[in-house]
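# Survey of secondary and tertiary structure
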Amino acid sequence: RKQMRKKSIHPCQSTDKDVIKEAHAENVMTNLSNAYASDLLPSKEGEDLTKCFLLRVVNILLHYIEKTFDDKSKILDFHHPHQLLEGLDGFDLELSDHPESLEQLLVDCTDTLKYGVKTGHPRYFNQLSSGLDVIGLAGEWLTATANTNMFTYEIAPVFTVMETVLLKKMCGIIGWRETEADGIFSPGGSISNLYGILVARYKQYPEIKARGMAVLPCIVLFVSEQGHYSIKKAAATLGIGTDNVIEVKCDERGKMIPAELEKNILQAKRKGQTPFCVVATAGSTVFGAFDPLHDIADICETHKLWMHVDAAWGGGLLLSRKHSCKLSGIERADSVTWNPHKLMGVPLQCSAVLTREKGLLGACNQMQAEYLFQPDKVYNINFDTGDKTIQCGRHVDVFKLWLMWKAKGTYGFEVQIDRYMELAKYFYKVLKKKDNFKLVFDAEPEFTNVCFWYFPPRLKHIPKSFERDQELQKIAPKIKAQMIVEGTAMLSYQPCGDKVNFFRMVFSNPATRQTDVDYLIDEIQRLGKDL
């Protein structure tokens, strides 16, 4: 290989600037079969080759982005896991002891995108986080280029200050005094929820930090039966135990019933258990329900319980003057989870946990590692925020959000979110008029979640019964499976309680238009009519 390098001239190497520009213009055709990663910067004379390689990568990405926004392109080229493991048309996932050429790496980059899911496609409705924001993408590229860690101002001076600015902005939008509130960006809503419960426990029992769970009574927390499963995961992780997570009954729309919460708290106390926290939900995962936050806050104040609001999905609605009333009472919470990577469309991942009391995150988590958090640094060490977290290494998730906020402004986010709400209303009204679709809830959607069943002709006129439901249970999985195989659209389905499998449509994709909604309805009917 070394001999080949000596004999060959790298196609992008030249001291003549005009020749370099010409090579860059034709970089798609450039052959990098005899070039390797060790030839790139910081290798001596690796600058031109590095430019050439990265421009080729950018071309691959641009082609993918164009295909992503083309509604005529497939959302995915589906293959089963065993096919990917066995290798597809030269795409081999096995790792070699020897280096492969840059040309092969470019092929691998292309294939990785080819066999993945275009989550920015206008007809991708599968998850709460969807879409591809170009400004956010640019922010992620810059973040990867900077490649730094968020634990100290020393190595992330701009990013740590940006995080402070964003946290103040978000706390202010919730309704807290910016000077008194606090927060941190974390790796997703599940970890943000864990922080909320962790700080709630520390606030009431600070001795837990040094002495552990053995010195505590049998503590319990409460969450609605429609709450996110991450609450139970957090309880298991923190040593509280899933048996000590008490699920509170919800009404027919999936909202926590305050009277049931009160009853559960009193029952727990009679059993000798010690309530310490209530987790309310602002935008549930399946139904998009908002718990009655003021009523829950009243109960928490009466019983002196910490109130955490999981607004991972619904937090973005605070940016809409028209719809923010659905989170009325969130300002009374002690902590809040808010995921900008969901409704706000920031590229994954981007989640924040916010606390009303400043200093609690630090007191709960700090270990004052001497090699990182020296007290005699040249700058204001209040910006060394890493000790507020349970992590050491922490990815920079703030820049893409900051850049998008700069690009859109708060009002730009508002317009985007209001349009999602209008699309949900449109979808609901169209389904309401069709006799082969049935809505899980007859009333207008409260959020962008719209849940429904599709009835094939053979089931449409059969009265509700156990036998009919057993057949209906199979319809959504079969339709979705065919959608995935054909790559035409993606949306999720699930059962819930006594409700058999139904589709859950969510709107959080800025590329989606009414025509895509109409297409989805037609596609469901096309794939399902003979089932």
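Residues numbered from 1 in each chain as written. Predicted model: local features only at pLDDT ≥ 70, side-chain atom pairs only at ≥ 80, totals over all residues. Heavy atoms only, no water.

You'll find the chain entered in an unreviewed UniProt entry as Glutamate decarboxylase 1, with Bos taurus given as the organism. For the chain, the Cofactor (unreviewed entry) comment in UniProt is given as "pyridoxal 5'-phosphate". Quoted verbatim from the Sequence similarities (unreviewed entry) heading of the UniProt record, the comment on the chain is "Belongs to the group II decarboxylase family." (UniProt positions renumbered as here; feature names shortened; annotations may be inferred.)

## Things to note about the pairing of strand 7 (residues 335-338)
Residue alternation in strand 7 divides its side chains into two sets, Ser335 and Thr337 and Val336 and Trp338, and both sets are buried. Pairing of strand 6 (residues 306-311) with strand 7, which is carried by four bridges, proceeds in the parallel orientation. Following the sheet pairing, Ala311 is matched in strand 7 by Trp338. Relative to strand 8 (residues 351-355), strand 7 runs antiparallel, the two being bridged by four bridges. Each residue of the ladder has a partner; that of Val336, found in strand 8, is Leu354. (Buried < 20%, exposed > 50% of the residue type's maximum accessible area, 1.4 Å probe, protein only. Helix = DSSP H or I, 4+ residues; strand = E, 2+ residues; numbered from the N terminus. Pairing = 2+ DSSP bridges.)

## Regarding the UniProt feature "modified residue: N6-(pyridoxal phosphate)lysine" (unreviewed entry) in the chain
The sites that carry the UniProt feature "modified residue: N6-(pyridoxal phosphate)lysine" (unreviewed entry) are, in the present numbering, Lys342. Assignment of secondary structure puts Lys342 in the loop between strand 7 and strand 8. The residues touching Lys342, leaving out its near neighbours within four places in the chain, are Leu128, Ser129, Ala312, Trp313 and Ser508. (Contact = heavy atoms within 4.5 Å.)

## A few points about the domain arrangement of the chain
In terms of domains, the chain is made up of domain 1 (31-118), domain 2 (177-366) and domain 3 (409-528). Counting from both sides, the interface comprises seven residues of domain 1 and, opposite them, nine residues of domain 3. Here domain 1 packs against domain 3, burying approximately 580 Å² in sum over the two surfaces, 71% of which is carbon and sulfur. In terms of surface lost to domain 3, no three residues of domain 1 exceed Ile75, Leu76 and Phe78, which account for 62% of the buried area on that side. For the pair domain 1 and domain 3, the interface holds zero salt bridges. The tally of links from domain 1 across to domain 3 stands at one residue pair in polar contact (both at pLDDT 80 or more). By residue class, the composition of the side of domain 1 that touches domain 3 is five nonpolar, no polar and two charged. (Domains from an automatic or database assignment. Buried area = accessible area lost by both parts, 1.4 Å probe. Salt bridge = Lys/Arg side-chain N within 4 Å of Asp/Glu carboxyl O. Polar contact = N/O pair within 3.5 Å; in protein donor to acceptor, adjacent residues only side chain to side chain. Nonpolar A, V, L, I, M, F, W, Y, C, P; charged D, E, K, R; others polar.)

## What to know about the confidence of the model for the chain
When pLDDT is averaged along the chain, the result is 94, and 94% of the positions lie at 70 or above. In the predicted structure, residues 4-9 sits below a pLDDT of 50 and forms six contacts with residues beyond four places in sequence or in another chain. (pLDDT = per-residue confidence, 0-100.)

## Considering the sheet that holds strand 10 (residues 450-454)
The mixed open sheet is built from five strands, whose spatial order is 1-11-12-10-9. Two strands lie at the open edges of the sheet, namely strand 1 (124-125) and strand 9 (437-439), each paired on one side alone. As judged from the three bridges shared by strand 9 and strand 10, these two strands associate in the antiparallel manner. Within the sheet, the bridge partner assigned to Leu439 lies in strand 10 and is Phe452.

## Digging into the packing of helix 14 (residues 398-432) against helix 18 (residues 514-528)
Here helix 14 crosses helix 18 at 35°, and the two axes come no closer than 10 Å. Here helix 14 and helix 18 pass one another in a crossing that is right-handed. For the pair helix 14 and helix 18, contact is made by Leu423, Tyr426, Phe427, Val430 and Leu431 and by Gln514, Val517, Asp518, Leu520 and Ile521, respectively. Of the residues belonging to the contact of helix 14 with helix 18, the class tally is eight nonpolar, one polar and one charged. (Axes fitted to C-alpha atoms, helices over the stretch in contact; angles between N-to-C directions. Left-handed = near helix turned anticlockwise from the far one by under 90°.)

## Looking at the nonpolar core
Membership of the largest hydrophobic core comes to 99 residues, with the highest contact counts inside it found for Val309, Phe427 and Phe452. If you tally residues by element for this core, the top one is helix 14, at 15 residues. Mapped onto the domain boundaries, this core takes at least three residues apiece from domain 2 (177-366) and domain 3 (409-528). The residues touching Phe427, leaving out its near neighbours within four places in the chain, are Val450, Phe452, Met505, Phe507, Val517, Leu520 and Ile521. Ile184, Leu194, Cys277 and Val279 belong to the second largest nonpolar core, which has 28 residues in total. (Core = buried A, V, L, I, M, F, W, Y, C linked by side-chain atoms within 4.5 Å.)

## A closer look at the packing of aromatic side chains
What the rule picks out here adds up to 17 aromatic pairs. Their ring planes at 50° and their centres at 5.9 Å tell us that Phe437 and Phe452 sit as a pair that is tilted. One end of the pair, Phe437, is in strand 9; the other, Phe452, is in strand 10, with 15 residues separating them in the sequence. For the pair formed by Phe437 and Phe452, the shared burial category is buried. Counting every residue linked through ring pairs, the aromatic cluster contains Phe125, Phe427, Phe437, Phe452, Tyr454, Phe503 and Phe507. Sitting over the ring of Tyr519, Arg123 keeps its end group 3.7 Å from the ring centre. The ring of Phe441 carries Arg253 above its face, with NZ or CZ at 4.8 Å from the centroid. (Phe/Tyr/Trp six-rings, centres within 6.5 Å; stacked < 30°, edge-to-face > 60°. Lys NZ or Arg CZ within 6 Å of the ring centre and 35° of its normal.)

## Here we look at the layout of surface pockets
Volume-wise, the largest pocket comes out at about 730 Å³. Mapped by element, the contributors of at least two residues to the lining of the largest pocket are helix 7 (157-174) and strand 2 (182-186). If one sorts the elements of the lining of the largest pocket by residue count, helix 7 sits on top with five residues. Across the lining of the largest pocket, the residue classes tally to eight nonpolar, eleven polar and eight charged. Lining the second largest pocket are 29 residues; nearest its centre among them are His228, Tyr229, Thr285, Asp310 and Lys342. Secondary structure elements with two or more residues in the lining of the second largest pocket: helix 8 (189-204), strand 3 (219-224) and helix 10 (230-237). Top element by residues in the lining of the second largest pocket is helix 8. It accounts for three residues. (1 Å grid on protein atoms, 1.4 Å probe; cavity = no way out; pocket = protein on both sides within 12 Å on 5 of 7 lines; lining within 4 Å. Points joined across faces, edges and corners; volume = space filled by probe spheres on them.)

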